[in-house]
Amino acid sequence: MFTTLSKKFSKIFQNISQQGRLTEKNIQKTLKKVQYTLLEADVSISVINDLTKILKKKSIGQIINKSLTPGQEFIKIVQTELVNLINSPKKKINFFEKPPVKFLMVGLQGAGKTTSLIKLAYFITKKFKKKILVVSTDTIRPAAIDQLEILSKKSNINFLKSYKSQTPQEIVKIAIKHAIKQLYDILIIDTAGRLHNNEKMMQELQNLQNYIKPTETFFVMDSMTGQDALHSIKNFNNFLKISGIILTKLDSDHRGGIILSIQHTTKIPIKLIGIGEKIQDLQIFCPDRIIKRILGMGDISSLIEDLKINLKKSTIQKIEKKIKSGKNFNLNDFLIQIKQIKKIGGIEFLKNKLPLNTQMINQNMYNFNEETLKKMEAMILSMTPIEKEFPKILNYSRKIRISSGSGITIQEMNSYLKQFKNIQRLMKTAKKKGFNTLFKNFTNMF
Ligand SMILES: Nc1nc2c(ncn2[C@@H]2O[C@H](COP(=O)(O)OP(=O)(O)OP(=O)(O)O)[C@@H](O)[C@H]2O)c(=O)[nH]1
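Conventions we followed
Residues numbered from 1 in each chain as written. Predicted model: local features only at pLDDT ≥ 70, side-chain atom pairs only at ≥ 80, totals over all residues. Heavy atoms only, no water. Near = heavy atom within 4 Å. Polar contact = N/O pair within 3.5 Å; in protein donor to acceptor, adjacent residues only side chain to side chain. Areas by Shrake-Rupley, 256 points an atom, 1.4 Å probe, with all protein chains shown as cover. Helix = DSSP H or I, 4+ residues; strand = E, 2+ residues; numbered from the N terminus. Nonpolar A, V, L, I, M, F, W, Y, C, P; charged D, E, K, R; others polar. UniProt positions renumbered as here; feature names shortened; annotations may be inferred. Expected span 1.5 Å × (residues − 1). Buried < 20%, exposed > 50% of the residue type's maximum accessible area, 1.4 Å probe, protein only. Arc of directions from axis to C-beta. Core = buried A, V, L, I, M, F, W, Y, C linked by side-chain atoms within 4.5 Å. Domains from an automatic or database assignment. Contact = heavy atoms within 4.5 Å.

1. Digging into the site of the ligand
Near the ligand lie 20 residues; those nearest to it are Lys113, Thr114, Thr115, Asp251 and Glu277. Residue Lys113 places a side-chain N or O atom 2.8 Å away from an oxygen atom belonging to the ligand. Gly274 has a polar backbone atom sitting 3.3 Å from an oxygen atom of the ligand. Surface burial for the ligand is 81%, taken as the share of its 660 Å² of free accessible area covered by protein chains. Counting residues per element, the shell around the ligand draws most heavily on helix 5 (residues 113–128), at four residues. Within the shell around the ligand, the residues separate by chemical class into three nonpolar, 10 polar and seven charged.

2. Quick look at the UniProt feature "domain: SRP54-type proteins GTP-binding" (unreviewed entry) in the protein chain
Within this numbering scheme, the UniProt entry marks residues 269–282 as carrying the feature "domain: SRP54-type proteins GTP-binding" (unreviewed entry). End C-alpha to end C-alpha, residues 269–282 measures 16 Å, and it is 0% helix and 43% strand.

3. Here's the deal with helix 18 (residues 370–381)
An ideal rise of 1.5 Å per residue puts 16 Å on 12 residues; helix 18 measures up with 17 Å between its terminal C-alpha atoms. Among the residues of helix 18, those classed as buried are Thr372, Leu373, Met376, Glu377, Met379 and Ile380. Summarising the axial view, the buried residues of helix 18 lie within an arc of 160°, below the 170-degree limit, and thus occupy one face. When the buried face of helix 18 is taken as reference, the exposed residues oriented beyond 90 degrees from it are Lys374 and Leu381.

4. Here we look at the nonpolar core
Core analysis: the biggest nonpolar cluster contains 69 residues, and Met221, Phe236, Ile259, Leu260, Ile262 and Ile294 have the highest contact counts within it. Looking at this core element by element, the count peaks at eight residues for helix 4 (residues 70–86). Three or more residues apiece are contributed to this core by two domains, here domain 1 (3–86) and domain 2 (101–297). Not counting residues up to four positions away in its chain, the partners in contact with Met221 are Ala111, Ala229, Ile233, Ile245, Ile246, Leu247, Thr248, Ile258 and Ile262. Within the second largest apolar cluster, 25 residues are counted, among which are Phe103, Ile186, Val220 and Leu282.

Shown next as structure tokens:
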């Protein structure tokens, strides 16, 4: 996510941080670099111009000769202004009205409407314990109704069957009746993908929205579409009242410009982001977290949140208990950790959320990948219980035996055991400073 963009920002920031004193000239020079970076990232020109004006005014006014750490001050200003650029007071999802609250999903073909619908239903069920019903009004694309049915079944979401012979309005009428009767809190309605210039289909959608009067009408948008998407949103908004955007496919490494342009250009808030194809890959849009990632500062907060949502409470409690007890962290515990890393999305997922500077400094971390994780697991599984408990006893002959059992060279084994020792040290720090430091110091494990 935003790798190219964040690498560029990291470089600009590294450069300015090294300057003891800032003059108007070098602030102007840095702002030029920021401008080019945004331009290359496909941010719209009007956004860049407005942003540069504010940055110039604030940074020149506030920094020169006034700050002891001018570089840091400059970075803070850029960070704050970028957050302001994508923030909106209307970004909260409204589902606290009289039930059944209705959500309508609209957008171009293939934008990710059906997938996002299911992810959203799953997210709200899991986080807010609401009773949700989903229905499809897509009678145009063959298999669209079946797709929603299959996804719903897979995720244990209540699905109401609809038929191609029905009109969207008939489907919705039945669904609302059903939702009221069965006391559902939320009804989420999928629609057929369409182009904004298909007047007939847009009119049909407008009629449907007027009939449903949804609390939220989400425009689901593929973030890979770039600047063209801005026209689509505006055109959809001419027919409908869009209350929020769900920006999908942010996991692909695109240029990132669209996320900085949407709010400023359309005044419609981004409410949710899709970051993968799996059911749990939907997040509430948090401007400060996104900007941190764009600027290469990592996203430790959402990493901790993801870990808390995706790992069982009991597992987290076990780790915390282990840390607090001060008992020696052994290779059995390490094996459990490896399994957990795999479960939450693997090492690439974790790396993605770490501050870029730390990642770049720590070459070992950079070289660490899914393959390494597999090898570590194989190494530990080839050990005897006593070796796992007390790795200190691993002498040369024991290592030879483990090596032939796991297919890992002695050199690799030594390097993994060194990493394990680093983790042991980290656990001791976490005991003093708390559980969250474990993730904040993640890179020190390597
Ligand atoms: N990588 C990634 N893929 C996604 C994301 N969201 C959706 N997709 C994929 O995008 C493709 C299209 O998604 P759908 O949900 O079928 O799109 P749709 O808008 O309902 O499509 P139509 O009904 O044909 O208009 C599928 O392969 C999804 O798995 C995301 O956040 N990340």
